[in-house]
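# Observations on the three-dimensional arrangement
As a plain string of letters, each chain reads:
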Amino acid sequence: MATEVQWSELQRDPKGVAALADQGEVLVRRRDGAALLLTREDSSRSASAGSVTAARALRAVLPHLPQDIVTTALLDEFPWADVLPQEDRLQFAHDFVRAFQASAELGHWSVLEQTVTEWRSTAAIHADHDLRAKLTGPLGDDFGEVPAPVDH
């Protein structure tokens, strides 16, 4: 849990706030913007290295586990994945592990967040039978001639 301080406290007593950061994360609240998280560089590097190690280990372990165990483990964390067809559940597990590793390597967890968001949206479509039928059924209209691609 981060210690919270106001921006004005950081301006008034930077050494005191730095001392707090030596003890753990400090959340700096600002009136005119998003809060900032102040943390020591060595802690950040350690967390990053740990994330990469965990991602690599997860990627190395998963191919050795039966697919049903992997799928069940992900269903425990993401119960909405239960509405996906079995083939899609396996693809979700594969995509999750790849996105986890990419996020850890890049230090940008938005990659994993986007993957989970996209698969959750796919599950929502599978859960709505009418919507699924509309999206997977044949198109009823002819949309006309498709123009040739333009070379750039």
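Residues numbered from 1 in each chain as written. Predicted model: local features only at pLDDT ≥ 70, side-chain atom pairs only at ≥ 80, totals over all residues. Heavy atoms only, no water.

Across the interface, helix α4 (residues 67-77) lies against helix α5 (residues 86-106) with an axial gap of 10 Å and an inter-helix angle of 75°. In terms of their interaxial angle, α4 and α5 are classed as roughly perpendicular. For the pair α4 and α5, the contacting residues are Gln67, Val70, Thr71, Leu74 and Leu75 in the first and Gln86, Arg89, Leu90, Phe92, Ala93 and Phe96 in the second. Class assignment for the residues of the contact of α4 with α5 results in seven nonpolar, three polar and one charged. (Axes fitted to C-alpha atoms, helices over the stretch in contact; angles between N-to-C directions. Helix = DSSP H or I, 4+ residues; strand = E, 2+ residues; numbered from the N terminus. Parallel < 35°, antiparallel > 145°, perpendicular 65-115°, else oblique. Contact = heavy atoms within 4.5 Å. Nonpolar A, V, L, I, M, F, W, Y, C, P; charged D, E, K, R; others polar.)

The sheet built from three strands is open, its strands ordered β1-β2-β3 with mixed pairing. One side of each edge strand has no neighbouring strand; the edge strands of this open sheet are β1 (3-6) and β3 (36-38). Each strand axis lies, on average, 30° off the axis of its neighbour in the sheet, ignoring direction. By the bridge criterion, three bridges tie strand β2 (residues 26-29) to β3 in an arrangement that is antiparallel. Its bridge partner being in β3, valine 26 is matched across the sheet by leucine 38. (Pairing = 2+ DSSP bridges.)

Turning to a nonpolar patch on the surface, a few remarks are in order. On the surface, Val61, Leu65 and Ile69 cluster together into a nonpolar patch covering about 230 Å² of accessible area. Locating isoleucine 69 in the fold gives a position in helix α4. According to the relative accessible area criterion, isoleucine 69 is partly exposed, its value standing at 45%. (Patch = residues over 30% accessible without salt bridge, like charges linked within 9 Å, V, L, I, M, F, W, Y side chains within 5 Å. Areas by Shrake-Rupley, 256 points an atom, 1.4 Å probe, with all protein chains shown as cover. Salt bridge = Lys/Arg side-chain N within 4 Å of Asp/Glu carboxyl O. Buried < 20%, exposed > 50% of the residue type's maximum accessible area, 1.4 Å probe, protein only.)

Geometric values such as these leave the question of function open.
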